[in-house]
Amino acid sequence: MKLCMIGTGYVGLVSGVCFSDLGNDVICVDKDLKKIEDLKKGIIPIYEPGLEELVIKNYKNKRLTFSNNLKESIKKSDVIFICVGTPTKKGGSSADLTQIYNAAKEIASSINKFKIIITKSTVPVTTGDEIEKIISKKVSKNKFSVVSNPEFLREGEAIRDFTYPDRIVVGTHEKKSNQIMKNLYSPLISKGASYVHTSRRAAELIKYAANAFLATKITFINEIANLCEQTGINVEDVSIGIGLDKRIGGRFLRAGPAYGGSCFPKDTKAITSTADKFKTNLSVIKSVIKSNEKRSILLLNRVNKILQKKIKNKKILFLGVTFKANTDDMRDSSSLSMIPALSKKGALISYYDPTGEKKEFKKVKNVKFEKDFKSAIRESDLTIVHTEWNDFKSINFKLLLNRKKLTVYDMRNIYSPNKMRKQGVRYFGIGR
Ligand code: UDX
């Protein structure tokens, strides 16, 4: 099939490349000419393991092309995916749909034959109805169909999540569109992916409900971890003990710092804002948002205790600053609140991240990027493991001991407390 992906951010680029790898002809379109030129040279704007090879392979075999001419690209395609950003409105909670509606208007003026228009971006319930209204102003209803097909890609695992999805969700009222979507996804369905056909609004809500539930699950175990710290319990025992119940499931039960990323914070706010608009109070998700927003303060109080309330001039090293491992994404990473707060208290902060120095810390006082994290551990009064990069999992702390005892605050529980204490490290974890 001939596909056009509008937007070459996370969703558009990964989905577009993976669709081309399944044998479709895909045009990835972006307004940003430099981004398009870079993509043509195989320069990938996002850090996603395995993506570069797929881009180069499919660009070479001409199944994948890049363009910044949206009108022409739409005319050449049968299926148009809207993959533009839906960020949280500045100072608010609801999703900013400006880019979505602009794309709809551009599509309306480019339809030359029947098109399926798919929202793959995460959009609030009823957005598909709005898109339909915008396009109907210029195009007769029988020349297009608006379908919801949300993605469930995790950063760092996006290609795997596309190729082996638990489910493909397609929201449409039209039989013909549903059939076309089933054909498009048939290679994945034949490999075992479930195909879920719903109404368009249900598909829109499924995406938000899924992310809100995952955020709730993480916040739940984070709060249980708080109780474990007060009662001398290892939260990992609780995670395993409840996770073996198939109704709960063991994944997304790893306690840690506040969750971050470009989705959970945005989507939990957006779903509660949509519900408020429909006079429905999603009190559980609202409490999840509050709990997560307070989490960094809670962990900083722990840092204060570990340093016996003497933070000024203390050397604190952050191992990892991205919102999770295998990504360079800093959006809503809990390090963005913790590092400036410690700097304000006079700490001397260094950080290392495998994805390099971060512009976000350039203007923060007494914060520097440290290439040689092992010598930085030796010099630090406190080493904080913020992101669970593999690079940190086999450090031999014994070799790093020097005149003073090493103190480690493992916010991701990547180390064994017993082994660390045997290595002579003053060790603190989360919920244990
Ligand atoms: C998420 C959803 O998983 C994905 O399905 C959706 O399409 C986009 O949003 P992503 O934001 O890339 O994906 O990352 P994810 O792996 O879900 O982690 C989100 C946050 O939760 C990170 O800060 C991560 O550190 C945290 N997390 C995750 C935990 O603290 N504990 C866990 O057990 C899992």
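Thresholds applied
Here the residue numbering is sequential within each chain, running from 1 through the sequence in written order. Under the rules for a predicted model, residues below a pLDDT of 70 receive no local features and side-chain atom pairs below 80 are neither given nor counted, while totals for whole chains, interfaces and linings still include all residues. With hydrogens and water set aside, each side-chain value is computed from the structure's full complement of heavy atoms. All axes here are fitted lines through C-alpha atoms, helices being fitted over the stretch that makes contact, and every angle between N-to-C directions spans 0 to 180 degrees. Starting at the N terminus, helices and strands are each numbered in turn, a helix being any DSSP run of H or I of at least four residues and a strand any DSSP run of E of at least two. Two helices cross in a left-handed way if the nearer one is turned anticlockwise from the farther one by less than a right angle. They cross in a right-handed way if the turn is clockwise. Residue contacts are defined here by distance: any two heavy atoms, one from each residue, within 4.5 Å place the two residues in contact. Amino acid classes used here: Ala, Val, Leu, Ile, Met, Phe, Trp, Tyr, Cys and Pro are nonpolar; Asp, Glu, Lys and Arg are charged; the rest, including Gly, are polar. For each residue, the test is whether any non-hydrogen atom lies within 4 Å of the molecule or strand; if one does, the residue is near. Contacts described as polar in this section are N or O atom pairs within 3.5 Å, which, within protein, must combine one atom able to donate a hydrogen with one able to accept it, while residues neighboring in sequence count only if both atoms come from side chains. To be clear on the numbers: accessible area is Shrake-Rupley with a 1.4 Å probe, and residue cover counts the displayed protein chains and nothing else. Reported domain spans reflect what an automatic or database domain assignment gives. Under this scheme an angle from 65 to 115 degrees is roughly perpendicular, one under 35 degrees roughly parallel, and one over 145 degrees roughly antiparallel; angles in between are oblique. When a carboxyl oxygen of Asp or Glu lies within 4 Å of a side-chain nitrogen of Lys or Arg, that pair is called a salt bridge. The buried label goes to any residue with under 20% of its type's maximum accessible area, the exposed label to any with over 50%, and the partly exposed label to all in between, with areas taken from a 1.4 Å probe on protein chains only.

Asks: Quick question: what am I supposed to make of the packing of helix α10 (residues 200-231) against helix α12 (residues 264-277) here?
Replies: Between two packed helices, what matters for the description is the angle formed by their axes and the separation of those axes. Running from N to C, α10 and α12 cross one another at 115 degrees; their axes reach a closest spacing of 9 Å. Note that α10 runs across α12; the crossing there is left-handed. Contact with α10, carried on its side by Leu205, Lys207, Tyr208, Ala209, Asn211, Ala212, Leu214, Ala215 and Ile218, involves Phe264, Asp267, Thr268, Ala270 and Ile271 of α12 and no other residues of that element. Per-class residue counts for the contact of α10 with α12 are ten nonpolar, two polar and two charged.

Asks: Which parts of the structure should I look at to understand the site of the ligand?
Replies: Around the ligand, a shell composed of 18 residues is seen, among which Leu153, Glu155, Lys207, Lys324 and Arg412 lie nearest. A distance of 2.9 Å separates a nitrogen atom of the ligand from a polar backbone atom of Arg254. A distance of 2.9 Å is found between an oxygen atom of the ligand and a side-chain nitrogen or oxygen belonging to Arg412. Relative to its free-state accessible area of 660 Å², the ligand is covered by the protein chains to the extent of 95%. Among the elements that take part in the shell around the ligand, α10 stands out by supplying three residues, more than any other. Residues belonging to the shell around the ligand are distributed by class as follows: nine nonpolar, two polar and seven charged. Mapped onto the domain boundaries, the shell around the ligand takes at least three residues apiece from domain 1 (2-198) and domain 2 (203-432).

Asks: Is there a simple way to explain the packing of α10 against helix α13 (residues 283-306) in this structure?
Replies: Here α10 crosses α13 at 40 degrees, and the two axes come no closer than 10 Å. Looking at the two axes, α10 sits oblique to α13. Of the two possible hands of crossing, α10 and α13 adopt the one that is left-handed. Two secondary-structure elements touch here, α10 through Ala212, Ala215, Thr216, Thr219, Asn222, Glu223, Asn226 and Glu229 and α13 through Val284, Ile285, Val288, Ser291, Arg295, Leu298 and Arg302.

Asks: How should I be thinking about the pattern of salt bridges in this particular structure?
Replies: Here the idea is simple: oppositely charged side chains can pair when their charged atoms come close. According to the stated counting rule, one finds 30 salt bridges in the structure shown. When the shortest N-O distance is used, the salt bridge between Arg160 and Glu157 registers 2.4 Å. Across the salt bridge formed by Arg247 and Asp245, the nearest N and O atoms sit 2.6 Å from each other. Given a relative accessible area of 75%, Arg247 falls into the exposed group. Connected via shared salt-bridge partners are Asp129, Glu132, Lys141, Glu174, Arg200 and Arg201.

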